[in-house]
Amino acid sequence: MLRKTLFFFLTSFFLFCSLNFIEAMEEVSTDLTHEISHLFQRELDGRKLKLRLIKSSLVDIYATFHRDSSPMIVIKSGLFSYPEMSEDLLLGLLCHELGHHLGGNPKKKRVKDGRDSWASAEGQADFFSTAKCLRRYFWDKKNDDFNEKTVHHPEVLHFCEKIKNSFFLDFHQCLKVGSIAREMALFYQRLQRKYLMREEISLFKYKATASPKIILDYPSGQCRLETLFAGIALCQSPWDHWGDTVLDCRIDLSDDNLQEKHSFFSGERPNCWYLDK
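What you see is a predicted model, and the numbers here were worked out from it, not measured in a lab. Along each chain, residues carry numbers from 1 onward, in the same order as the chain's sequence is written. Predicted model: local features are reported for residues with pLDDT of at least 70 only, side-chain atom pairs are reported and counted for 80 or more only, and whole-chain, interface and lining totals are derived from all residues. Calculation of side-chain values draws on the structure's entire complement of heavy atoms; hydrogens and water are dropped beforehand.

Trainee: Run through the packing of aromatic side chains, naming residues and quoting values.
Mentor: In this analysis, rings of Phe, Tyr and Trp, with Trp reduced to its six-membered ring, are considered paired at centre separations within 6.5 Å, and the interplanar angle assigns stacked below 30 degrees, edge-to-face beyond 60, and tilted for intermediate values. The final tally for this structure, using the stated rule, is seven aromatic pairs. Between F159 and F229 the ring centres are 4.9 Å apart and the planes differ by 80°, which places this aromatic pair in the edge-to-face class. Residue F159 is located in helix α4 (residues 154–163), and its partner F229 is located in helix α6 (residues 221–233); the two are separated by 70 residues in the primary sequence. With a 1.4 Å probe rolled over the protein chains alone, any residue whose accessible area is under 20% of its type maximum counts as buried; one over 50% counts as exposed, and the rest are partly exposed. Take F159: its relative accessible area is 0%, and that puts it in the buried class. Measuring from ring centre to ring centre gives 5.4 Å for F187 and Y188, while their planes differ by 70°; the resulting arrangement is edge-to-face. Comparing F187 with Y188, the two get one shared label, buried. Strands are runs of DSSP state E lasting at least two residues, helices are runs of H or I lasting at least four, and both sets are numbered from the N terminus onward.

Trainee: So what about the state of the cysteines? Which residues, and what values?
Mentor: Cysteine sulfur atoms that come within 2.5 Å of each other are treated as a disulfide pair. Counted according to the given criterion, the structure contains three disulfides. Two residues share a disulfide in this structure: C223 and C272, whose sulfurs sit 2.0 Å from each other. The sign of the S-S torsion, about 80°, decides the handedness of the disulfide formed by C223 and C272: right-handed. On the criterion of sequence distance, the pair formed by C223 in helix α6 and C272 in the segment after α7 (258–261) is long-range, its members being 49 residues apart. Accessibility classification places C223 together with C272 in one group, the buried group.

Trainee: Go over the confidence of the model for the chain with me, naming the residues and quoting the values.
Mentor: Confidence scores labelled pLDDT are given residue by residue by the predictor and lie between 0 and 100. For the chain, the average pLDDT comes to 84, and 79% of its residues sit at 70 or higher. The low-confidence segment residues 6–17, where pLDDT is below 50, has zero contacts with residues more than four positions distant or belonging to other chains. Whether two residues are in contact is decided by their heavy atoms: any pair within 4.5 Å suffices.

Trainee: An account of the pairing of strand β5 (residues 116–120) is requested, with residue identities and associated values reported.
Mentor: Strand pairing requires that DSSP identify at least two bridges connecting the strands. As paired strands, strand β4 (residues 107–109) and β5 are joined by two bridges and run antiparallel to one another. By the bridge assignment for β5, K109 is matched with D116. In this antiparallel pair of consecutive strands, β4 and β5, the connection spans six residues, and G114 shows a positive phi of 80°.

Trainee: Go over the pattern of salt bridges with me, naming the residues and quoting the values.
Mentor: Opposite charge on two side chains makes pairing possible when the charged atoms of those side chains draw close. Any Lys or Arg side-chain nitrogen located within 4 Å of an Asp or Glu carboxyl oxygen qualifies as a salt bridge. Within this structure, the stated rule accounts for 13 salt bridges. Here E84 makes a salt bridge to R190, at a shortest N to O gap of 3.0 Å. With E84 in the loop between β3 (71–77) and α2 (87–102) and R190 in helix α5 (residues 171–191), this pair connects stretches of sequence that are 106 residues apart. Given a relative accessible area of 38%, E84 falls into the partly exposed group. In this structure R190 comes out as partly exposed when scored by relative accessible area, which is 34%. A salt bridge links K108 to E122; its shortest N-O distance comes to 2.7 Å.

Trainee: Please provide a residue-by-residue account of the sheet that holds β3, values included.
Mentor: Ordered by their spatial adjacency, three strands build an open sheet running β1-β3-β2, and the pairing between neighbours is mixed. Each edge of the open sheet carries a strand with a single partner, namely β1 (50–54) and β2 (59–65). Ignoring strand direction, the axes of neighbouring strands in this sheet form an average angle of 20°. Here β1 pairs with β3 via five bridges, running parallel. Looking at β3, one finds that K50 is bridged to M72. Lines are fitted to the C-alpha atoms to define the axes, a helix being fitted only along its stretch in contact, and any angle between axes, read from their N-to-C directions, falls within 0 to 180 degrees.

Trainee: Hey, could you go over the environment of I180 for me, with residue numbers and the actual values?
Mentor: Note on placement: I180 falls in helix α5. What makes I180 buried here is its relative accessible area of 2%. For the pair I180 and L89, spaced 91 residues apart in sequence, the C-alpha separation works out to 5.8 Å. Sequence-distant contacts of I180, that is, excluding residues within four places in its chain, are made with D88, G92, L134 and F138.

Trainee: Provide a residue-level description of the side chain of R224, including the pertinent values.
Mentor: With respect to the helices, strands and loops of the structure, R224 is situated in helix α6. Residue classification places R224 among the buried residues on the basis of a relative accessible area of 1%. Aside from chain neighbours lying at most four places away, what touches R224 is H96, E122, D126, Y188, Q192, Y218 and P219.

Trainee: So what's going on with α2? Residues and values would help.
Mentor: With 16 residues, α2 extends 22 Å between its outermost C-alpha atoms, agreeing within 8% with the 22 Å of an ideal straight helix rising 1.5 Å per residue. A positive backbone phi angle near 80° is found at G104, which sits one or two residues after α2. Take the residue count of a helix, subtract one, and multiply by 1.5 Å to get its expected span.

Trainee: Lay out the pairing of β2 with the relevant residues and their values.
Mentor: Taken together, the seven bridges between β2 and β3 define a ladder with antiparallel strand orientation. Within β3, the residue paired with I61 across the bridge is I75. In this structure, the hairpin formed by β2 and β3 is closed by a connection of five residues, where S69 is found at a positive phi of approximately 75°.

What follows is the structure, given as structure tokens:
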């Protein structure tokens, strides 16, 4: 009897905590969507980015349009049950979905006729999320806004050390965006069933295989990791249009030849999914 009572108490307690967390993340989602919409009001042509929350056990977030033609992001509440879900990761995922609306070419293809759809390819949305959205979000954040006691992944630290002298954001901002990018890559890797969860991804240990054609659907977890960090390294202001001049930011990688091994330092979309025509 005591065991059943204890089990009931613990189950009720965890359910209560889970529901509170979901409610809190729903509020955070609304606030973040409003902030992002304001930051990209120029690109949205005066329209507001809308958010729709759906009660569902499915872990899902996607871009679509509202019936009034406003760009919209839909979140199914199962997303908040993801074990490593946080406000930072949620921000990154929202930036990715905005990238489907504003990321530009290459675009996904329509199933009906094979023509370009309205949505940017997955790789392009990844690139947009770090090159434009996250960097713009943290653009005017000061060092005081970042917790310097946070323990960052060694690869993120190494990456930011390499590009800190040629980067638009300061070192602490790079660490913040880089940490979010890594969590995004891990999230997408675990979500994509065709790539096994035991597949390890790493900025420096591995390199994604070059693709013979542009991948408009979902690249591998390693490829997405490299794409996200290429967006961070892009030497262009996050307030500029894609077609604006990319500055010459010289990164000294001569000591360990990282430029040759890892092209994402150049800020170019990696050839594991993108090819210049």
